[in-house]
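Structural characterization, general
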Amino acid sequence: MSGNKNIQKFRGEVSREDRENIHGHRAAVFWFTGLSGSGKSTIAHAVEKELFDDLMRVYVFDGDNVRHGLCADLSFAPTARTENIRRISEVAKLFVENSTVCLCAFISPLLSDRQMAREIIGDNDFYEIFVTCPLEVCEERDVKGFYKMAREGKIKNYTGISAPYEAPENPDLIVETDKETLEESVTRVKEFILQKVKI
Ligand SMILES: Nc1ncnc2c1ncn2[C@@H]1O[C@H](COP(=O)(O)OP(=O)(O)OP(=O)(O)O)[C@@H](O)[C@H]1O
Ligand SMILES: [Mg+2]
């Protein structure tokens, strides 16, 4: 969507850089992708808490939460999933302008959708974190009980069961949650973020 050519952007007096300097860190989007139950939300929220306690501006965009509001009208069909990612990317881009470290925790199973997110947000501000865990382990965890329902055919288009998951080809960070403890994963992700947002 290209937007209306007759609408010009108003340039405010406060730049992104001004805001980042006040807060003492850069802003960027850290995009967590992985199967349901791989650990995206658990890690993102734990990292958010630690960075917040260090007085950083940080916010988690979580799949489950945005689908209650911003994307409440969207299904899990492929075109709706793409629109879901597009809207989140546009909002995260605004948060980056507002100097916020954005942790986006979405299954986002398609390479093309994540590429779109990268293009909307901008290559310099986008880092992909692959939260990986074998399907069998995610299914065993079955945090929400949805894998069971998907196996029974009660949920359609379920990633890993009846819809594809395309693993990142060149992620910026890989977190293997079947091999690491939660604390190890959180520390690794936090350190990665701190290194990328330091001024
Ligand atoms: N190293 C780890 N990192 C993260 N989670 C872990 C780890 N080890 C075990 N777990 C457990 O795995 C589960 C991950 O569930 P979580 O809701 O975070 O997944 P999700 O990727 O956000 O799934 P969904 O896409 O459905 O929202 C939790 O029960 C968590 O305690
Ligand atoms: Mg989640």
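Let me sum up the structure you'll find in this document. (Residues numbered from 1 in each chain as written. Chains lettered and ligands numbered in written order. Predicted model: local features only at pLDDT ≥ 70, side-chain atom pairs only at ≥ 80, totals over all residues. Heavy atoms only, no water.)

Overview of the overall build of the protein chain
Going by this rule: Helix and strand labels come from DSSP, where a helix needs a run of H or I of at least four residues and a strand needs a run of E of at least two; each type is numbered from the N terminus. Between the two quantities, the radius of gyration covers C-alpha atoms and the globule rule is 2.2 Å times the number of residues to the power 0.38. Note on exposure labels: buried denotes an accessible area under 20% of the residue type's maximum, exposed denotes more than 50%, and partly exposed covers the range between, all computed with a 1.4 Å probe on protein chains only. Reported accessibility uses the Shrake-Rupley method at a 1.4 Å probe radius. Residues are deemed covered only where the shown protein chains occlude them. Here the positive residues are Lys and Arg and the negative ones are Asp and Glu; neither His nor the chain ends is included. Positions of charges follow a simple convention, taking NZ of Lys, CZ of Arg, CG of Asp or CD of Glu.
What the protein chain contains, in helices and strands, is eight helices and five strands. For the protein chain, the N- to C-terminal ordering of α and β elements is α-β-α-β-α-α-β-α-β-α-α-β-α. Over its C-alpha trace the protein chain gives a radius of gyration of 17 Å, about what one expects of a compact globule, namely 16 Å for 199 residues. With the principal axes as the frame, the protein chain shows a C-alpha extent of 55 × 45 × 30 Å. Burial analysis of the protein chain (199 residues in total) assigns 44% to the buried set. Total accessible area on the protein chain stands at roughly 11,300 Å², and carbon and sulfur atoms take up 52% of it. Here the protein chain holds 27 positive side-chain charges and 33 negative ones, and the gap between their average locations is 4 Å.

Here we look at the pattern of salt bridges
Our working definition: Just to be clear on terms, a salt bridge is a Lys or Arg side-chain nitrogen sitting within 4 Å of an Asp or Glu carboxyl oxygen.
Scanning the model with the defined rule gives 17 salt bridges in all. A salt bridge links E50 to K190, with the shortest nitrogen-to-oxygen separation between them at 3.4 Å. One end of the pair, E50, is in helix α2 (residues 40-53); the other, K190, is in helix α8 (residues 182-197), with 140 residues separating them in the sequence. In this structure, the salt-bridge partner of K148 is E152, at a minimum N-O distance of 2.9 Å. Under the relative-accessibility criterion, K148 is labelled exposed at 53%.

Some remarks on the site of ligand 1
Selection criterion: For this purpose, a residue is taken to be near a molecule or strand whenever a single non-hydrogen atom of the residue falls within 4 Å of it. By the criterion applied in these results, polar contacts are pairs of N or O atoms within 3.5 Å in which, for protein atoms, one can donate a hydrogen and the other can accept it, and in which residues neighboring in sequence qualify only through two side-chain atoms. Following the grouping adopted for this structure description, the nonpolar residues are Ala, Val, Leu, Ile, Met, Phe, Trp, Tyr, Cys and Pro, the charged ones are Asp, Glu, Lys and Arg, and the polar ones are all others, Gly among them.
Around ligand 1, the surrounding shell holds 19 residues, and the nearest of these are S36, G37, K40, T42 and K144. In this structure, K40 approaches ligand 1 through a side-chain N or O atom, which is 2.7 Å from an oxygen atom. At 2.6 Å, a side-chain N or O of K144 approaches an oxygen atom of ligand 1. The fraction of the free accessible surface of ligand 1 (650 Å²) that becomes covered by protein chains is 80%. When contributions to the shell around ligand 1 are tallied by element, the ones reaching two or more residues are α2 and α8. Element by element, the count of residues in the shell around ligand 1 is highest for α2, at four residues. For the shell around ligand 1, a count of residues per class yields five nonpolar, nine polar and five charged.

Here we look at the pairing of strand β5 (residues 173-176)
Selection criterion: Between any two strands, pairing holds if DSSP finds at least two bridges.
Where burial is concerned, the two faces of β5 differ: the one with L173 and V175 is buried and the one with I174 and E176 is not. Bridge count between strand β4 (residues 126-132) and β5: four bridges; the pairing is parallel. Bridge pairing in β5 places F130 opposite I174.

Overview of the nonpolar core
Our working rule: By convention a nonpolar core is built from buried Ala, Val, Leu, Ile, Met, Phe, Trp, Tyr and Cys residues, the set being connected through side-chain atoms within 4.5 Å.
If you look at the biggest cluster of nonpolar residues, it comprises 23 residues, and the most contacted ones within it are F30, F32, L103, I129, V189 and I193. Of all elements in the fold, only β1 (29-33), α2, β2 (58-62), β3 (101-105), β4, β5 and α8 reach the threshold of two or more residues within this core. Ranked by residue count, the leading element in this core is α8, at five residues. Among the nonpolar cores identified, the runner-up in size contains 20 residues, and A27, I88, V96 and C102 belong to it.

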